[in-house]
Amino acid sequence: MTDFDKDVRQRFLFEHSDIRGEIISLQESYQSVLSNGTYPAPIAHLIGEFLAGVCLLSATLKFDGIISLQASGTGPLSMIMADCTRQHNVRGVAHYMNTQNNETNEASTPPASPTSPPQDKPVQTLTDLLGENATLAVTIDPSKGQRYQGIIPVEGDTLSECLTNYFHHSEQLPTRLWVHANGHRAGGLLLQALPCQLQTPEEREKHWHHLSQLANTLKPVEQLNFDHTEQLHRLFHQESLRLFTPTDIRSACSCSRTRTANMLVSLGLEEAQAILEEKCPIEVTCQFCHQLYSFDQNDILCLFKQSPPTLH
Ligand SMILES: [Zn+2]
């Protein structure tokens, strides 16, 4: 079992160049997310890719907040999402149709056994699983300020292709991502071209093309089985590259009683009381960590007396 670069993100720079990168590996945080549900292997692999993808995206955040990556479709996989805070807390979940009994769930088909041999390629592609008219949403929820959401159609067979398309569509800095997962580990690589300071636009373009081509040669087996130094050496050994100190990533859920209460308050007193009449107490279960939050008649009355709620 591999025991290196567990749950860390590292930034790197190409010297005398306007191109930077991020490399990440997830293991225990990925396993922790998978332990909250029972997922068939292709979906367990995709959850790893989404976690790796959202961690790479969080590296582009300049402020405190949560970034999330969510795909939805009409196929057997109706929804898959992962989010990451600025403090590098990740979580993820997927809802899929169990084709054996037609139930939508998070826990009933045979699980991706952690002991099953790692596979380099998912059995089914992202587009196979999500079906037609699938979309990918990137949401940035800053702790202060306005929420931003970009939505693109899911095009391409892999999340790496979709994310690269997302950056292409959103006219941000040229950015490419490579993510892979095997049910045990997840790995990610990001390259981003910065505004020209050290290179002319022509030099940067040429260098960007060259580095992207090199990164394209990264094999899933290398991304999941080699440490960061080794991966970067294999790809860019002819480049002068500076690798920064790793930052830890952990699995943690951002749900809380206060957040759940705020959600109930946002429904309005009338709606909350209608729900109470149907079932008392109101029970809300977090879809990520399954924490149960319960609110009885008194709790609801207190919440609305206190409204507008204080945000924590
Ligand atoms: Zn939770």
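Look up: the structure comes first, before these words.
Residues numbered from 1 in each chain as written. Predicted model: local features only at pLDDT ≥ 70, side-chain atom pairs only at ≥ 80, totals over all residues.

(A) Representation of the overall build of the chain. Looking only at helices and strands, the chain features 10 helices and 15 strands. The buried share of the chain, reckoned over its 312 residues, is 36%. The contacts of the chain with a sequence gap of at least 6 include a subset with a gap of at least 24, amounting to 64%. (Helix = DSSP H or I, 4+ residues; strand = E, 2+ residues; numbered from the N terminus. Buried ≥ 20, exposed ≤ 12 C-beta atoms within 10 Å, placed from the backbone. Contact = placed C-beta atoms within 7 Å.)

(B) The pairing of strand E10 (residues 186-193), seen in detail. Within E10, 8 of the 8 residues are buried, which leaves the element mostly enclosed by the surrounding structure. In E10, alternate side chains face the same way, and those of Ala186, Gly188, Leu190 and Gln192 on one face and Gly187, Leu189, Leu191 and Ala193 on the other are all buried. Pairing geometry for strand E2 (residues 19-26) and E10, over 8 bridges, is antiparallel. Paired with serine 25 across the bridge in E10 is glycine 187. In this sheet, E10 lies alongside strand E9 (residues 175-181) in antiparallel orientation, the contact comprising 7 bridges. In the sheet register, threonine 175 faces E10, and the bridge partner there is glutamine 192. Hairpin connection, E9 to E10: the antiparallel pair is bridged by 4 residues, and glycine 183 has positive phi, about 90°. (Pairing = 2+ DSSP bridges.)

(C) Layout of unusual backbone geometry. The peptide bond linking cysteine 280 to proline 281 adopts the cis configuration, its omega dihedral lying at -5°. When you line up the elements, proline 281 lands in the loop between helix H9 (269-278) and strand E14 (282-285). A positive phi angle is found at aspartate 7, which is not glycine, with a value near 50°. Aspartate 7 sits in the buried class, given 24 other C-beta atoms within 10 Å. Although it is not a glycine, histidine 88 adopts a positive phi angle of roughly 70°. With respect to the helices and strands, the residue histidine 88 is situated in the loop between strand E4 (77-85) and strand E5 (89-98).

(D) Geometry of the pairing of E2. Burial of E2 is extensive: 7 of the 8 residues sit out of reach of the surface. As paired strands, strand E1 (residues 8-14) and E2 are joined by 6 bridges and run antiparallel to one another. Paired with valine 8 across the strands is serine 25, a residue of E2. Counted between consecutive antiparallel strands, the loop separating E1 from E2 contains 4 residues, among which histidine 16 sits at a positive phi close to 55°.

(E) Structural context of the nonpolar core. Counting residues in each nonpolar core, the largest one holds 61 residues, and the members touching the most others are Ile47, Phe50, Leu51, Ala52, Val54 and Cys55. If one sorts the elements of this core by residue count, helix H2 (residues 41-58) sits on top with 11 residues. In this structure, Ala261, Tyr293, Phe295 and Ile300 belong to the second largest nonpolar core, which totals 6 residues. (Core = buried A, V, L, I, M, F, W, Y, C linked by C-beta atoms within 7 Å.)

(F) Examining the environment of isoleucine 80 more closely. The topology assignment puts isoleucine 80 in strand E4. A tally of 26 C-beta atoms within 10 Å means that isoleucine 80 is categorised as buried. Here the alpha-carbon distance between isoleucine 80 and histidine 95, two residues 15 residues apart in the chain, equals 6.4 Å. Apart from residues lying up to four places away in sequence, isoleucine 80 is in contact with Leu46, Ile47, Phe50, Ala71 and Ala94.

(G) Structural detail: the packing of helix H1 (residues 28-35) against H2. As a packed pair, H1 and H2 sit with axes 10 Å apart at the nearest point and diverge in direction by 130°. By the angle between their directions, the pair H1 and H2 is classed as oblique. Handedness of the crossing formed by H1 with H2: right-handed. Where H1 approaches H2, its residues Tyr30, Val33 and Leu34 are matched on the opposing element by Ala44, Ile47, Gly48 and Leu51. (Axes fitted to C-alpha atoms, helices over the stretch in contact; angles between N-to-C directions. Parallel < 35°, antiparallel > 145°, perpendicular 65-115°, else oblique. Left-handed = near helix turned anticlockwise from the far one by under 90°.)

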